[in-house]
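# Breakdown of the fold
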2 protein chains.
Amino acid sequence: MAKGYIDLQHNGKAEIIKQSFIFSGLGRDELFELANLAIERSFRAGEFIFWEGDAPDLFYIVAEGQVKALKHSSSGKEFIIAFFGPAEIFGEVAVFENKPYPASSQAVTDTRVLAIEVKDFLSFLASHPQVALRIINILGGRLREAQSRLRDFAGERVEQRLARTLLMLSSKLGPTLPFTRQEIADMAGTTTETAIRFMSRLKDGGIIRSVRGKTIILDENKLKLLSEGPSQV
Amino acid sequence: MAKGYIDLQHNGKAEIIKQSFIFSGLGRDELFELANLAIERSFRAGEFIFWEGDAPDLFYIVAEGQVKALKHSSSGKEFIIAFFGPAEIFGEVAVFENKPYPASSQAVTDTRVLAIEVKDFLSFLASHPQVALRIINILGGRLREAQSRLRDFAGERVEQRLARTLLMLSSKLGPTLPFTRQEIADMAGTTTETAIRFMSRLKDGGIIRSVRGKTIILDENKLKLLSEGPSQV
DNA sequence: GTTATACCATGATTTAAATCATATAAGCGG
DNA sequence: CCGCTTATATGATTTAAATCATGGTATAAC
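First, a word on what this report is: a plain description of the structure on this page.

This part takes up the nonpolar core. F23 of chain A together with F23 of chain B are the most contacted members of the largest nonpolar core, which has 105 residues in total. Looking at this core, the element that brings in the most residues is helix α5 (residues 129–155) of chain A, giving eleven residues.

With that settled, consider the sheet that holds strand β3 (residues 58–64) of chain A. Across a sheet, paired strands are connected by hydrogen bonds in the backbone, their directions being either parallel or antiparallel. All names here are of chain A. Taken in spatial order, the four strands make up an open sheet running β1-β8-β3-β6, and their pairing is antiparallel. The open sheet terminates on both sides in strands that have one partner only, identified here as β1 (39–43) and β6 (89–90). Bridge analysis of β3 against strand β8 (residues 111–117) gives six bridges, and the strand direction is antiparallel. Its bridge partner being in β8, Y60 is matched across the sheet by A115.

Turning our eyes to something else, we now look at the environment of P178 of chain B. All names here are of chain B. The topology assignment puts P178 in the loop between β9 (176–177) and α7 (181–188). As a C-alpha pair, P178 and E52 span 126 residues in sequence and 25 Å in three-dimensional space. Residue contacts for P178: discarding those within four places in its chain leaves Q66, L173, E183 and G213.

Turning to unusual backbone geometry, a few remarks are in order. Residues and elements named next belong to chain B. With a phi close to 80°, A87 is a non-glycine residue in the positive phi region. Mapped onto the elements, A87 comes out in the loop between β5 (78–84) and β6 (89–90). Relative accessible area serves as the criterion here: at 12%, A87 is assigned to the buried category. The backbone of N98 sits at a positive phi, close to 55°, despite the residue not being glycine.

Residues and elements named next belong to chain A. Alignment of strand β9 (residues 176–177) against strand β11 (residues 214–217), held across two bridges, turns out to be antiparallel. Bridge pairing links T176 to I216 in β11. When strand β10 (residues 208–211) meets β11, the two strands line up antiparallel, connected through four bridges. Within β11, the position partnered with I208 by the bridge is I217. Between β10 and β11, which follow one another and run antiparallel, lie two residues, and G213 among them has a positive phi close to 80°.

Next up on the list: the interface of chain B and chain A. Chain B puts 47 residues into the contact, and the matching count from chain A is 47 residues. Between chain B and chain A lies a buried interface of about 4000 Å² when both sides are counted; carbon and sulfur atoms form 67% of it. Area buried by chain B at its contact with chain A is led by I136, R144 and L150 of chain B, which between them contribute 18% of it. The tally of links between chain B and chain A comes to two salt bridges.

The next point concerns the relation of the copies chain B and chain A. The transformation that overlays chain B on chain A combines an axial shift of 0.0 Å with a rotation of 180°, and the residual RMSD is 0.0 Å. In short, the pair behaves as if placed about a two-fold rotation axis. The residues that chain B uses at the interface reappear at the interface of chain A in 100% of cases, marking a shared surface.

What follows is about the side chain of Q106 of chain B. All names here are of chain B. For Q106, the location among the structural elements is in strand β7 (residues 104–107). For Q106, a relative accessible area of 13% puts it in the buried group. When neighbours within four sequence positions are excluded, Q106 is seen to be in contact with G46, E47, F48, I49, Q66, V67, K68 and L70.

Attention now goes to the sheet that holds β10 of chain A. Across the sheet, three strands lie side by side as β9-β11-β10 (chain A); this open sheet has antiparallel pairing. The open sheet has two free edges, formed respectively by β9 and β10 of chain A, since each of these has just one partner strand.

To continue, consider the packing of aromatic side chains. Residue and element names in this part refer to chain A. Under the counting rule described, the total for this entry stands at 26 aromatic pairs over all chains. Taken together, the ring pairs in this structure connect F23, F59, F96, F121 and F124 into an aromatic cluster. Across from the ring centre of F21, 4.7 Å away, lies the NZ or CZ of R134, which sits over that ring. Its guanidinium or amino end placed over the ring of F153, R161 lies 5.2 Å from that ring's centre, counting from NZ or CZ.

Cut-offs and rules
Each residue is numbered by its place in its chain's sequence as written, counting from 1. Both sets of labels track the order of writing: A upward for chains, 1 upward for ligands. For this predicted model, a pLDDT threshold of at least 70 governs which residues receive local features, and a threshold of 80 or more governs which side-chain atom pairs are given and counted, while totals over whole chains, interfaces and linings are taken from all residues. Hydrogens and water are ignored here; the side-chain numbers use all heavy atoms of the structure. Nine residue types can take part in a nonpolar core, namely buried Ala, Val, Leu, Ile, Met, Phe, Trp, Tyr and Cys, and a core is a set of them joined through side-chain atoms within 4.5 Å. Each residue is placed in one exposure class: buried if its accessible area under a 1.4 Å probe, protein chains only, is under 20% of its type's maximum, exposed if it is over 50%, and partly exposed if it falls in between. Going along the chain from the N terminus, every DSSP run of H or I of four or more residues is numbered as a helix, and every run of E of two or more is numbered as a strand. At least two bridges found by DSSP between two strands are what make those strands a pair. Only heavy atoms matter for contacts: two residues are in contact if any of them lie within 4.5 Å across the pair. Once two parts are brought into contact, the accessible area they lose, counted with a 1.4 Å probe and summed over both, makes up the buried area. The rule for a salt bridge is simple: a side-chain nitrogen of Lys or Arg has to be within 4 Å of a carboxyl oxygen of Asp or Glu. The least-squares superposition of copies is restricted to C-alpha atoms, and to residues with a pLDDT of at least 70 in both copies. Stacked, tilted and edge-to-face pairs are distinguished by plane angle, under 30 degrees for stacked and over 60 for edge-to-face with tilted covering the rest, among Phe, Tyr and Trp rings (Trp via its six-membered ring) whose centres lie within 6.5 Å. Distance and angle both matter: a charge sits over a ring if NZ of Lys or CZ of Arg is within 6 Å of the ring centre and within 35 degrees of the ring normal.

And the structure:
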């Protein structure tokens, strides 16, 4: 096989790996080392990458597309933990504890991911402590946000939860949010109808504009006021 | 100061540090190095160790007593994220991101803690990668549990949430739980009255026995059945 | 181009849990 | 030992959000 061809393939994976926060400080040789370990996989929109409860044998990075992590209640109701875009790691909670994946991961759009065998990844980590520190940073951020959402679910009304969900999504993705009302409802822990009513009020108030399956936030400051809870006069 | 006296003091701190999961693999010299860095502080029951939003300058380990991490809703309602007992680290979410503490920490009982300056701790981490891997393990476990609770809050009824809260506490502390109905309610995201009604039903059903401020779980299997959600006939 | 499905929308009704009210008992502090 | 505070308990009422029902439109699939 022509060397040029191999290098191109490796260069593609290395480029994605380099964009990932936890690896962005690595040198060229280390990036290629990881690229050698990484397998690329493709999934159609709607396909599951792994299921909650599966054995955690692979560590994942999104190369292209969008992935959501989700759990189900005892009655089958879907709850969306997070969305992941290009260069983001996912499935990481299970991997370091050697316990089953705590959530399922599903491709929202047609998606390509890089997968690294856990044993290979842990070996790599052992000799690259700066990557471990980056992972601590990522996990800390995710734990901070999870705690914030827990507090919201325990003690805030549904419209605050919805407003905060929109703000969190826009801080991550920008003002254009590619989500249906049902997906927004599943992240905020409410029903589709409740999310529809709330979003309609935002449209009427000039806070958002939306077309089917996509929401554009026009007035983030008003949304922030809504997220702060009932006004205390 | 007599050397024997210094060693006794160091040995006390080193002993606590050694019991902490993240440090349990360290050698004697490393434990003493950390003990040198650690400051001991005492708090009376009810005192706050730090507040949500404070700058994250210290990393903490419980030496003796019990600490709770808590947040407040926009209406001031208290939500308990977790309890920490001897040898457990806390305040760690903020420290690795250099962002404010996301929750307050309060001594539940009279409590002694060890505090390490963040800059000293990060230096220590940089040269002890096995500690970083342990921290990843701890953060992963906490994130897994936070995601599970998020799913519960979003989609389960209050009695499932209460039953799961009791099961989670007992898996950590054993069958005797030193919590009031209000503390259990604050962890499960409900009101004190709702928790009281639920616990009274458990008493009537022979599942628990309780005395003021303390609950003993008698039948964990029945509690598990209750936690599984409404029976689907 | 047509049909089916998914998404958005609105209204009416139900319900789980919160809220409010009140009472009793246990434990702590002086 | 007494008084006060906190914790547990029960009942009635309210309410926020879920549920159910129905309809319209846009988009995708055939």
